[in-house]
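Secondary and tertiary structure notes
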Amino acid sequence: TPQILPPDVGKILVAPILGQHLIPGVCLYTDDLRRRESVVNLEGKTLKIKHDDHRIFINNAQILTPGTAALNGVVFAIDKVLLSESEIAFKRSQ
């Protein structure tokens, strides 16, 4: 039986997760990320940046593509969804 989602599901579920992936106020490309140790996302959380000669990681997610300029910023493909600590704890409890 399909579940009917509430009309504000985007506000409740999607917006906080999306906010984990957005870095406001700057346009950062791959070289910019290599010069930083961290960035602060839209939710106000610090994301750690690690890199070696060939790879860049944001927390535990690996960046898979070079930065692509978009209308309102720079887009990277990553291999994991960035979650807050409370979202990770909830996921582990399920």
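Here's a quick rundown of the structure. (Residues numbered from 1 in each chain as written. Predicted model: local features only at pLDDT ≥ 70, side-chain atom pairs only at ≥ 80, totals over all residues. Heavy atoms only, no water.)

A positive phi is found at asparagine 59, a non-glycine position, where the angle reads about 50 degrees. Summarising the element assignment, asparagine 59 is placed in the loop between β3 (56-58) and β4 (61-62). (Helix = DSSP H or I, 4+ residues; strand = E, 2+ residues; numbered from the N terminus.)

Quick look at the sheet that holds β3 now. A sheet is described by the order of its strands in space; here four strands give the open sequence β1-β2-β3-β4, paired in antiparallel fashion. Lying at the two open borders of the sheet, with one neighbouring strand each, are β1 (38-40) and β4. As judged from the three bridges shared by strand β2 (residues 46-51) and β3, these two strands associate in the antiparallel manner. For histidine 51, the partnering residue across the bridge sits in β3 and is isoleucine 56. (Pairing = 2+ DSSP bridges.)

Here the focus is the pattern of salt bridges. If you walk through the whole model with that rule in mind, you get two salt bridges. The partner of aspartate 32 in a salt bridge is arginine 35, with the nearest N and O atoms 2.8 Å apart. When the shortest N-O distance is used, the salt bridge between aspartate 52 and arginine 55 registers 2.9 Å. Classification of arginine 55 as partly exposed rests on a relative accessible area of 38%. (Salt bridge = Lys/Arg side-chain N within 4 Å of Asp/Glu carboxyl O. Buried < 20%, exposed > 50% of the residue type's maximum accessible area, 1.4 Å probe, protein only.)

Our next topic: a nonpolar patch on the surface. On the surface, Ile12, Leu13, Val14, Leu18, Leu22 and Leu42 cluster together into a nonpolar patch covering about 550 Å² of accessible area. A relative accessible area of 48% means that isoleucine 12 is categorised as partly exposed. (Patch = residues over 30% accessible without salt bridge, like charges linked within 9 Å, V, L, I, M, F, W, Y side chains within 5 Å. Areas by Shrake-Rupley, 256 points an atom, 1.4 Å probe, with all protein chains shown as cover.)

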